[in-house]
Protein chains: 6
Amino acid sequence: MPQRHNGRNSASLRPLAFASGALTWAEGSCRVVQGRTELLCAASLDDRVPPWMRNAGRGWVTAEYGMLPRSTSERMRREAANGGQSGRTLEIQRLIGRALRAVHSLEAMGERTLRLDCDVINADGGTRCAAINGAYIAAACAWEALVQRGLVRASPLREAVAAVSCVINQDRVLLDPDYSEDSTASVDANFVFAESGKLIEVQMSAEGAAFSDSQLNEMLSLARQGAGEIFAAQKQTLEEARAKSS
Amino acid sequence: MPQRHNGRNSASLRPLAFASGALTWAEGSCRVVQGRTELLCAASLDDRVPPWMRNAGRGWVTAEYGMLPRSTSERMRREAANGGQSGRTLEIQRLIGRALRAVHSLEAMGERTLRLDCDVINADGGTRCAAINGAYIAAACAWEALVQRGLVRASPLREAVAAVSCVINQDRVLLDPDYSEDSTASVDANFVFAESGKLIEVQMSAEGAAFSDSQLNEMLSLARQGAGEIFAAQKQTLEEARAKSS
Amino acid sequence: MPQRHNGRNSASLRPLAFASGALTWAEGSCRVVQGRTELLCAASLDDRVPPWMRNAGRGWVTAEYGMLPRSTSERMRREAANGGQSGRTLEIQRLIGRALRAVHSLEAMGERTLRLDCDVINADGGTRCAAINGAYIAAACAWEALVQRGLVRASPLREAVAAVSCVINQDRVLLDPDYSEDSTASVDANFVFAESGKLIEVQMSAEGAAFSDSQLNEMLSLARQGAGEIFAAQKQTLEEARAKSS
Amino acid sequence: MPQRHNGRNSASLRPLAFASGALTWAEGSCRVVQGRTELLCAASLDDRVPPWMRNAGRGWVTAEYGMLPRSTSERMRREAANGGQSGRTLEIQRLIGRALRAVHSLEAMGERTLRLDCDVINADGGTRCAAINGAYIAAACAWEALVQRGLVRASPLREAVAAVSCVINQDRVLLDPDYSEDSTASVDANFVFAESGKLIEVQMSAEGAAFSDSQLNEMLSLARQGAGEIFAAQKQTLEEARAKSS
Amino acid sequence: MPQRHNGRNSASLRPLAFASGALTWAEGSCRVVQGRTELLCAASLDDRVPPWMRNAGRGWVTAEYGMLPRSTSERMRREAANGGQSGRTLEIQRLIGRALRAVHSLEAMGERTLRLDCDVINADGGTRCAAINGAYIAAACAWEALVQRGLVRASPLREAVAAVSCVINQDRVLLDPDYSEDSTASVDANFVFAESGKLIEVQMSAEGAAFSDSQLNEMLSLARQGAGEIFAAQKQTLEEARAKSS
Amino acid sequence: MPQRHNGRNSASLRPLAFASGALTWAEGSCRVVQGRTELLCAASLDDRVPPWMRNAGRGWVTAEYGMLPRSTSERMRREAANGGQSGRTLEIQRLIGRALRAVHSLEAMGERTLRLDCDVINADGGTRCAAINGAYIAAACAWEALVQRGLVRASPLREAVAAVSCVINQDRVLLDPDYSEDSTASVDANFVFAESGKLIEVQMSAEGAAFSDSQLNEMLSLARQGAGEIFAAQKQTLEEARAKSS
């Protein structure tokens, strides 16, 4: 099977690096680098829930996503200067929020809100998946700090969550595409997995030709394999963070 | 297998009705009724494309979605009065746009824009799928009128598109859920099919427990069966419309 | 006197039809058809009043108005996508609110808010008047349902309200003009009547030549006659609705 | 007949003063004082029309209205800080625009836009009528300056325009009410007259009890009488201005 | 030393006039005229503080700034119609607020908010300084009225505040420039002084060539001298106001 | 003289580090670290100027500023989600723009726009000064790249620009304060210098007590000394960047 333009084979992830604690003030934070894509994820804990959730004894998890104007090859207009967030931004931050909510026990959180801010420093494809991967680490660090300070008994995180994208590009299924592979793909897919292997979210879109069930399953299988590598890297990052903080 | 609260079995669609020509002025239009869900879809053709697409000889397809404030059980705030469209609205109209774009030959459209307005009159679950189903009929009518007037040689629609949703509710996979089945589901899925049987879009979300590959495939199979019935109803509606207009 | 382009004489209304109960969820609703103009009116009751009215023992009546983007011959931009309501929309919904408020006993409402949503499905002139005519039926149905459920003793509606427009077009006064007669008129007038025959609102505007007192009185007289027919149709619609629901 | 709280009888206007040239830079301007109501009106001429009117050889007249935050007894929120103009503001400036447009020959204007800015310095009722009265003087001065500079042959103003309000308060028809008379009235009316005596605009609203045809005609008659006094004052102001500038 | 185009020498202010009580309703108000620049300043007192300041026993001082659309040589777009305040407007009203806050004892105010509205009627340079000068008089009048009514023991104003601008234009330092001197200057400076002679705010900006320390000090010295004249005029205005009201 | 809480003396800067090339895609970029304050600055060059500047043969320099929501000790609301930029943000980005414009020859730029995006990653005081310091390096790198590619003859940057802040805190003048020193200061000052030693911008604000001329001059002198160190660090960073790229 021929190599990809970046030397990878179909099933290989880009070089992956997580660095927890990248931000000075956040309760938990993580720098995520996947190839040339780089994000900062911050977890902020607030001792309140939105008004419509009060007095139910449950917590809430939400996410926001942004891109630095020059994280992209051509400068994008700054959303704050434009007067609002685009449909794409809203769609991505809703996805990140759902993914992280799915691995939290909202009951175990108590009446707290966890806000995950995922900001893209450099973009080269796969930013929404990288955001989920880093947001998980930021959240885990934030909860572990609360456990250490005796404010919650145990982390309300039930398991890890990881996301990975696939495309069909010239009839080949490619794992973790960079921007050049993604922008010329005929099918674009994002998978969010729980560490148990089950699925939390599937989003597949034919940009050009429609796709078959067998292609769906091929992408799913490749994605699950990639997620395994991400789970391993997340685990190692959190163990190193725990070693440092103890 | 036990009946559903509405007397349906797992694999049955709600009563489905399309009525083309529901709007006086639109180039093509369709009233869609799926159970207690009702929408009006309008297709508007414009002899221009957005500025960033000019002089490329290709067309563009886009969609907008809205809900009447009292289409829902509790009145929703009117988005125009609220100062903008919600993230949910933007996400749905982007989905409708992608689905319809996927079955158009943009080259065959010439430099025209097709705008699909999908407005919910009564909502009882499944509005985004019903919007796609009705938008296809509205678009088909609009193009056929252009063909009849000799303005295009042939309709740039390559094939029909249909959408259907499934949920997992209390471990049962249910086709075409109404609002009560949808709002209590643990997994929510939307499938968009081309008439050829291939997939155009898959969106699956675990609202509660994550789901397995076999559940994914069970939902996919049920959805494809439901889409078949929708394609048949679309075909019949368009044939009747053609009979009337000739 | 010559016929109008639509076969009507100066003093004839367009064919008029009210259908109560057109919306599934609203406390009261009405589809209004006046010629080729068609609206859906919904009445929503809320057991609260706005903050600035609390604890005064009185209710409030308010209205919102919208047009489907393709209710018109050329597609209008969707106000929600445009970021707000136009001056015309605000002006119309303020008029509808005043007209309905004028026939309510706010004291008899208790601390409740009645919201009237009037949405134009097809537009061919006269939408603001049709909105008032249908909103009255929607409101009446909503209150009668409350009376039947024993939540209020008697409907706080004191009498019926009806609206009708007139124009001066080529020196002829025409009742209930359609869009083609309205858009070429030199004077445009809207009259809102209480069933007692008194006036609730008069709005007259010279778009071209100014008008005399006798023209004012001629329009007023024609309008009062048209309002009489509308009151009769409203009465019959409500009687049929009562017959059905009892 | 008893006097009003301010010593006036039913048919008397408040003391009225126009001062042309109140603003340094405007092509035409006027300070209007009617009792304790005070406005500044500015006329700005632009050698272009809006894009949708180009190349038709006709001009356009438009108006904007605002209130200083402390023109009122209780401070109002500044509309610019609030993010937009209220429905009331939009309604008033549309009225002013229509009134001034009605006395212009748009053809004689050439492709020019006349913008009338009416800003309330002190408010005590009747600001929309005062705005029309002053805007006419500002416009007349602007056009006369253009005539003097030889840029247009003759003023495109066909005749003067004046506006006056009436109310029914405790069953008495009162001309030119101040705020205390207006805010407790049962019927509120605004009349815009051309100098010829014909009507340009009638706006009557029952805030409480509905009104009869004879009350309508009584208000109309009182208003026409008041307008006569305003036309005289406008004429004198413009003659003095001409005397000064020649 | 050569005269300026307007006949002044480098160190002379434009003719300066304050008129207190210019607005009917405000607790304190002042018309400021500096040359051809004219503003209206209103002081509004509210018996509450913003939510984030409650129950601290301290007051708050804030300011808003606006320009009439035709206060300038070319008509500016109305900010309310534009959907918001510009960066320049926000910057100026923050400056006015800081300047007035600096001379108030917030403790002595009690839980009251003082709002200063500064609206430009005619602009010819120096509007932000004139706004501060007039806002001080409006504030002083508002507090003195409260003292007279026995609602506060003593005015919480600790001392007067005055602002003046300087420019470097063709290497000459000019006091209180008009618009033509300001818009062609290479350095633009605004100084806010307390009556004691100390500085409250310095804002200096090289629009063209940078400036030296000695130029900074020359401007500062000229400005302090100008401020002295403004303090004298403010004092006289307030004494006359007191004489009138006692 | 006593040490500061962070071990510095009055006249010492925080540890300072510039890293050019921090962003993948920007024409020029720089990471700035001053103590615990960290920013990313990006320079984007566009081969057009804004419409109002076209065909004048000159360029334009502009800046935008933002903060990551969790760059601060308590999470700030994201401006894009809030619907716009705050007054503080607009004020800061106008300052950065003026500072950078002051050292550019707009004529030598040709019809190009230089956009400087300054985004705060971690905030601990002094972000607007750090933004200017880093923006200069980003701009210099962007221009040198253009020179190397032969697209401009020479960099249009005339000299370096550096900014530094001072405060008076408990009567001591402190250079380059961190957030804890800044937020409790009585006077807050920002100075922007050209490398020649001249001043480009001075902004001084009494937050509490007013300040004297001698305090002004003491702050100025301390600031100039600090700027000297910044100029040296900028020079070294650019030399290293040149060495690397050649």
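Look a little higher up for the structure.
Residues numbered from 1 in each chain as written. Chains lettered and ligands numbered in written order. Predicted model: local features only at pLDDT ≥ 70, side-chain atom pairs only at ≥ 80, totals over all residues. Heavy atoms only, no water.

A tally of regular secondary structure across chain A gives five helices and nine strands. When burial is assessed residue by residue, chain A has 59% of its 246 residues classed as buried. Across chain A, contacts joining residues at least 24 apart in sequence account for 68% of those joining residues at least 6 apart. For chain A, the accessible surface area stands at approximately 9600 Å², while carbon and sulfur atoms represent 47% of it. Separation between the mean location of the 28 positive side-chain charges and that of the 29 negative ones in chain A comes to 5 Å. (Helix = DSSP H or I, 4+ residues; strand = E, 2+ residues; numbered from the N terminus. Buried < 20%, exposed > 50% of the residue type's maximum accessible area, 1.4 Å probe, protein only. Contact = heavy atoms within 4.5 Å. Areas by Shrake-Rupley, 256 points an atom, 1.4 Å probe, with all protein chains shown as cover. Lys, Arg positive; Asp, Glu negative; His and termini not counted. Charge placed at Lys NZ, Arg CZ, Asp CG, Glu CD.)

Residues and elements named next belong to chain C. Put simply, helix α4 (residues 127-148) and helix α6 (residues 213-245) touch, their axes get as near as 11 Å, and they point 30° apart. When the axis of α4 is compared with that of α6, the two are roughly parallel. Judged by the twist between their axes, the crossing of α4 over α6 is right-handed. From α4, N133, Y136, I137, A140, C141, E144 and Q148 reach across to α6, where they touch I230, Q234, T237, L238, R242 and S245. The residue inventory of the contact of α4 with α6, partitioned by class, reads six nonpolar, five polar and two charged. (Axes fitted to C-alpha atoms, helices over the stretch in contact; angles between N-to-C directions. Parallel < 35°, antiparallel > 145°, perpendicular 65-115°, else oblique. Left-handed = near helix turned anticlockwise from the far one by under 90°. Nonpolar A, V, L, I, M, F, W, Y, C, P; charged D, E, K, R; others polar.)

Counting residues at the interface gives 37 residues for chain F, matched by 37 residues for chain A. Both faces considered, chain F and chain A share a buried interface measuring about 2900 Å² in area, 51% of it formed by carbon and sulfur atoms. Considering only the side of chain F, the residues that lose the most area to chain A are W25(F), R70(F) and R78(F), jointly responsible for 28% of the buried surface there. On inspection of chain F and its partner chain A, the count reaches twelve salt bridges. Across the pair E64(F) and R78(A) runs a salt bridge, and its minimum N-O distance is 2.9 Å. For the pair chain F and chain A, the number of links is 22 residue pairs in polar contact (both at pLDDT 80 or more). Elements supplying a minimum of two residues to the side of chain F that touches chain A: β3 (37-46), β4 (60-67), α1 (79-82) and β5 (113-122) of chain F. (Buried area = accessible area lost by both parts, 1.4 Å probe. Salt bridge = Lys/Arg side-chain N within 4 Å of Asp/Glu carboxyl O. Polar contact = N/O pair within 3.5 Å; in protein donor to acceptor, adjacent residues only side chain to side chain.)

Residue and element names in this part refer to chain C. Scanning the model with the defined rule gives 126 salt bridges over all chains in all. Between R8 and E181 there is a salt bridge, with its nearest N and O atoms 3.6 Å apart. Residue R8 is found in the segment before β1 (16-20), and its partner E181 is found in helix α5 (residues 179-183); the two are separated by 173 residues along the sequence. In terms of burial, R8 and E181 fall into one category: buried.

A few words on the relation of the copies chain F and chain A. At an RMSD of 0.0 Å, chain F and chain A line up after a rotation of 180° and a shift of 0.0 Å along the axis. Classification of the inter-copy transformation places it as that of a two-fold axis. Taking the C-alpha atom as reference, chain F places A80(F) closest to the rotation axis, 1.8 Å from it. Most of the interface of chain F is mirrored in chain A, where 100% of its interface residues again form contacts. (Least-squares fit on C-alpha atoms with pLDDT ≥ 70 in both.)

Next up on the list: the environment of S10(F). Residue and element names in this part refer to chain F. Of note, S10 is situated in the segment before β1 (16-20). C-alpha separation for the pair S10 and M204, spaced 194 residues apart in sequence, amounts to 18 Å. At 3.0 Å, the side chain of S10 forms a polar contact with the side chain of R172.

For the structure on display, the rule yields twelve aromatic pairs over all chains. Residues W52(A) and W60(A) carry aromatic rings whose centres are separated by 5.4 Å and whose planes lie at 75° to one another, so their mutual orientation is edge-to-face. The class for W52(A) is exposed, based on a relative accessible area of 62%. Between F191(F) and F193(F), the ring centres sit 6.3 Å apart and the planes meet at 25°, which makes this aromatic pair stacked. Given a relative accessible area of 0%, F191(F) falls into the buried group. (Phe/Tyr/Trp six-rings, centres within 6.5 Å; stacked < 30°, edge-to-face > 60°.)

Now for the side chain of D117(A). By the element assignment, D117(A) lies in strand β5 (residues 113-122). By relative accessible area, D117(A) is classed as buried at 2%. Side-chain polar atoms of D117(A) contact the side chain of R75(F), separated by 2.6 Å. If we skip the residues at most four places from it in the chain, D117(A) touches L40(A), C41(A), A42(A), E64(A), P69(F), R75(F) and R78(F).

In this section: the interface of chain A and chain B. Size of an interface: often given as the accessible area lost when the parts come together. Listed by partner, the interface residues are 25 residues for chain A and 25 residues for chain B. For the pair chain A and chain B, the summed buried area comes to about 2400 Å², and 48% of that belongs to carbon and sulfur atoms. On the surface where chain A and chain B come into contact, there are four salt bridges. With a shortest N-O distance of 2.6 Å, E91(A) and R94(B) are connected by a salt bridge. At the junction of chain A and chain B, the tally comes to 15 residue pairs in polar contact (both at pLDDT 80 or more). Put simply, the parts of the chain that give the side of chain A that touches chain B at least two residues each are α2 (87-102), β9 (199-206) and α5 (213-245) of chain A.

Another aspect to go through is the pairing of strand β6 (residues 161-169) of chain F. All names here are of chain F. Counting buried positions along β6 yields nine of nine residues, so the element is predominantly enclosed. Burial along β6 is two-sided: V161, A163, S165, V167 and N169 and A162, V164, C166 and I168, pointing in opposite directions, are all buried. With eight bridges connecting them, β6 and strand β8 (residues 187-194) associate as antiparallel partners. Across the sheet, V164 pairs through a bridge with F191, a residue of β8. Here β6 runs beside strand β7 (residues 172-175); their pairing, made up of four bridges, is antiparallel. Each bridged residue has a counterpart across the sheet, and for V167 the counterpart in β7 is L174. Between β6 and the antiparallel strand that follows it, β7, lie two residues; Q170 among them carries a positive phi value of about 50°. (Pairing = 2+ DSSP bridges.)

Further remarks concern unusual backbone geometry. At D176(D), a residue that is not glycine, the phi angle is positive and equals roughly 50°. With respect to the element layout, D176(D) can be found in the loop between β7 (172-175) and α5 (179-182).

At the level of C-alpha atoms, the two units chain B and chain D stay apart, their nearest approach being 11 Å. Chain D shows no contact with chain F. Their nearest C-alpha atoms sit 11 Å apart.

This next bit is on the relation of the copies chain A and chain B. Turning one copy of the chain about an axis and sliding it along that axis gives the other copy, so a rotation and a shift relate them. Overlay of chain A on chain B (RMSD 0.0 Å): rotation 180°, translation along the axis 0.0 Å. Here 100% of the contact residues of chain A are again contact residues in chain B; the copies associate through an equivalent surface.

Residue and element names in this part refer to chain D. Spatial strand order, β1-β2-β3-β5-β4: five strands in an open sheet with mixed pairing. Two strands lie at the open edges of the sheet, namely β1 (16-20) and β4 (60-67), each paired on one side alone. The mean angle between the axes of side-by-side strands here comes to 15°, regardless of whether they run parallel or antiparallel. Pairing geometry for strand β2 (residues 28-34) and strand β3 (residues 37-46), over seven bridges, is antiparallel. Along β3, the bridge assignment pairs V33 with E38.

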